[in-house]
2 protein chains.
Amino acid sequence: MSAISLPLVSEVPDSGMGIGDVARLTGLGADTLRYYEREGLMLDSTPRDGAGRRRYSSADLSWIGGLLMLRDTGMSVADMRTLAELSRAEGTERERLVVLESHRQRVVEELARTMRHLEALDTKISAYREAVGPATREVDSGRTER
Amino acid sequence: MSAISLPLVSEVPDSGMGIGDVARLTGLGADTLRYYEREGLMLDSTPRDGAGRRRYSSADLSWIGGLLMLRDTGMSVADMRTLAELSRAEGTERERLVVLESHRQRVVEELARTMRHLEALDTKISAYREAVGPATREVDSGRTER
DNA sequence: AGTTGACATGGAGTTCACTTCAGGTCGCAG
DNA sequence: CTGCGACCTGAAGTGAACTCCATGTCAACT
């Protein structure tokens, strides 16, 4: 649900943006953003303004974009934390690469499996169409939207 | 994890098979099978032998195969229950078809989204390979501290 | 000055899909 | 007959990832 292409961090003011704006932009919910920070998923504790409120920079935004990409490909919070920890330490590029590559491997496998299952699903659907279709000869655009 | 092609229900004896065997065959765990039954995911309460133990028929096996296909494409237990309920009632073929088709729709979208994210992941990996690769010419034996 | 709305914190609560547990029943090998 | 292992039930527990709540602080309007 929710396509997260992160509209290219359109102009984050130098003062940064508030958590509400980031929530709206990422679709993440302010609670979730705070939760992610608590869980050590951010590169560093988000800087605060005078009143103690978080101010996200465009760098934060693109990091979050990366998190979303990882999450939506099924990476666990624990693994994202690992990656964040590595990214906080210098000279860990190789390790990060290992994490990303093994994640990629899992994603590809998952993708393949889902596609196989989709075929099975299609077969089942065809069977139903066969059984029911004779009267259903109208719907077929692939859009079962309302 | 776990490819579930259900080795074509190879010869289920007329007496049916025990829950342990089904577990081994489906990779599902006896507890999960009982849980699914409790949740109303089976077509009917699995018949029991004299001692009250479940005996799965080959029909049960293939139904379970269907459940696995649905589950692995991300269908919730609640939706699988809905489908089971419909399948228990006669003349609901059209409704079942609707459920399956809208599920298919979601699967296809999810698939597309994951593929987009995979590309982003690949881009990120390439960047890391670029940054790290030049030195990656040999197997990194020791720990790269600092 | 007062009200409003966004944001803060620590902690509790929720949802989902299982998984484990405690205690009991059978069928069969020895 | 005695174990042993497989199975049974109802209920409680688990882990992941949020999500909500009570209470409190500020900044900015009107």
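Predicted model, so just to flag it, every value in this text is computed and none were measured.

**Student:** Would you mind going over the protein's contact with DNA strand C with me for this structure?
**Tutor:** Near DNA strand C, the surroundings consist of 17 residues, among which R34 and R54 of chain A together with D31, Y36 and R71 of chain B are the closest. Taken together, the sugar and phosphate atoms account for 80% of what DNA strand C places within 4 Å of the protein. One of the side-chain N or O atoms of R71 of chain B is found 3.2 Å from a phosphate oxygen in DNA strand C. Of all the elements in the fold, those that place two or more residues in the surface near DNA strand C are α1 (19-26) of chain A together with α2 (30-38) of chain B. The element best represented in the surface near DNA strand C is α2 of chain B, accounting for 5 residues.

**Student:** What's the story with the pattern of salt bridges in this structure? I'm lost.
**Tutor:** Think of it this way: side chains of opposite charge can pair up when their charged atoms draw near. One pass over the full model with this rule turns up 26 salt bridges over all chains. Salt-bridge contacts for R129 of chain A lead to E101 of chain B; the nearest nitrogen and oxygen are separated by 2.6 Å. One end of the pair, R129 of chain A, is in helix α5 (residues 93-132); the other, E101 of chain B, is in helix α5 (residues 93-132), on a second chain. What makes R129 of chain A partly exposed here is its relative accessible area of 34%. A salt bridge links D21 of chain B to R24 of chain B, with the shortest nitrogen-to-oxygen separation between them at 3.0 Å. Taken as a pair, D21 of chain B and R24 of chain B lie in helix α1 (residues 19-26) at a separation of 3 residues, close to a single helical turn. The class for D21 of chain B is partly exposed, based on a relative accessible area of 34%. Classification of R24 of chain B as exposed rests on a relative accessible area of 66%.

**Student:** Sorry if this is basic, but what is going on with the protein's contact with DNA strand D here?
**Tutor:** The environment of DNA strand D is formed by 17 residues, the closest being Y36 of chain A together with G20, R34, R48 and R54 of chain B. In DNA strand D, the atoms that sit within 4 Å of the protein are 78% sugar and phosphate, with bases accounting for the remainder. One of the side-chain nitrogen or oxygen atoms of R34 of chain B is found 2.4 Å away from a phosphate oxygen of DNA strand D. At 3.2 Å from a phosphate oxygen of DNA strand D is found a side-chain nitrogen or oxygen belonging to R48 of chain B. Taken together, the elements giving at least two residues each to the surface near DNA strand D come down to α2 (30-38) of chain A together with α1 of chain B. Per-element tally for the surface near DNA strand D: the top contributor is α2 of chain A, with 5 residues. Each residue belonging to the surface near DNA strand D can be placed in one class, and the counts come to 5 nonpolar, 4 polar and 8 charged.

**Student:** How do you make sense of the nonpolar core when you look at a structure like this?
**Tutor:** Considering soluble globular proteins, one finds that nonpolar side chains tend to be buried as a cluster. Grouped together as the largest cluster of nonpolar side chains are 66 residues, with contacts concentrated most on Y56 of chain A together with Y56 of chain B. If near-sequence neighbours (up to four positions away) are discounted, Y56 of chain A is found in contact with V12, G16, M17, G18, I19, V22, L33, E37, M42, T46, L61 and I64 of chain A.

**Student:** Help me understand the environment of T82 of chain B, please; the structure alone is not making it clear to me.
**Tutor:** Mapped onto the fold, T82 of chain B is located in helix α4 (residues 77-88). Along the backbone, T82 of chain B and R96 of chain B are 14 residues apart, and their C-alpha atoms lie at a distance of 8.8 Å.

**Student:** For this particular structure, what's the right way to read the packing of α1 of chain B against helix α3 (residues 58-72) of chain B?
**Tutor:** When two helices pack together, their arrangement is given by the angle between the helix axes and by the axis-to-axis distance. Residues and elements named next belong to chain B. Direction vectors running N to C along α1 and α3 enclose 40°, while the axes themselves pass 12 Å from each other. As summarised for this structure, α1 and α3 are arranged oblique, according to the angle between their axes. Crossing hand, α1 versus α3: right-handed. Contacts between α1 and α3 involve V22, L25 and T26 from the former and L61, I64 and L68 from the latter.

**Student:** Would you take a moment to explain the side chain of T114 of chain B for this structure?
**Tutor:** Examined against the element boundaries, T114 of chain B turns out to sit in helix α5. In this structure T114 of chain B comes out as buried when scored by relative accessible area, which is 7%. For T114 of chain B, the contacting residues outside a window of four places in its chain are D72, T73, V107 and L111 of chain A.

**Student:** Looking at this structure, I do not really get the confidence of the model for chain A. What am I missing?
**Tutor:** For residues with low pLDDT, the predicted coordinates do not support detailed interpretation. For chain A, per-residue confidence averages 88 on the pLDDT scale, and residues scoring 70 or more make up 85% of the total. Mean pLDDT across the elements of chain A ranges from a minimum in α5 of chain A, with 95, to a maximum in α2 of chain A, with 98.

**Student:** Any chance you could explain the side chain of D60 of chain B here in plain terms?
**Tutor:** Residues and elements named next belong to chain B. Of note, D60 is situated in helix α3. Lacking a salt bridge, the buried D60 has R54 as its closest oppositely charged neighbour, with an N-O distance of 9.5 Å. Ignoring any residue separated from it by four or fewer positions in sequence, one finds D60 in contact with M42, D44, T46, P47 and R55.

**Student:** Whenever I open this one, the packing of aromatic side chains confuses me. Can you help?
**Tutor:** The description of two aromatic rings rests on the distance between their centres and on the angle between their planes. Residues and elements named next belong to chain B. Throughout the structure, instances matching the rule amount to 2 aromatic pairs over all chains. Taking 5.7 Å as the distance between ring centres and 45° as the angle between the ring planes, the aromatic pair formed by Y35 and Y36 counts as tilted. Of the residues examined, Y35 reaches a relative accessible area of 32% and is grouped as partly exposed.

About the criteria used
Residues numbered from 1 in each chain as written. Chains lettered and ligands numbered in written order. Predicted model: local features only at pLDDT ≥ 70, side-chain atom pairs only at ≥ 80, totals over all residues. Heavy atoms only, no water. Near = heavy atom within 4 Å. Polar contact = N/O pair within 3.5 Å; in protein donor to acceptor, adjacent residues only side chain to side chain. Helix = DSSP H or I, 4+ residues; strand = E, 2+ residues; numbered from the N terminus. Salt bridge = Lys/Arg side-chain N within 4 Å of Asp/Glu carboxyl O. Buried < 20%, exposed > 50% of the residue type's maximum accessible area, 1.4 Å probe, protein only. Nonpolar A, V, L, I, M, F, W, Y, C, P; charged D, E, K, R; others polar. Core = buried A, V, L, I, M, F, W, Y, C linked by side-chain atoms within 4.5 Å. Contact = heavy atoms within 4.5 Å. Axes fitted to C-alpha atoms, helices over the stretch in contact; angles between N-to-C directions. Parallel < 35°, antiparallel > 145°, perpendicular 65-115°, else oblique. Left-handed = near helix turned anticlockwise from the far one by under 90°. pLDDT = per-residue confidence, 0-100. Lys, Arg positive; Asp, Glu negative; His and termini not counted. Phe/Tyr/Trp six-rings, centres within 6.5 Å; stacked < 30°, edge-to-face > 60°.

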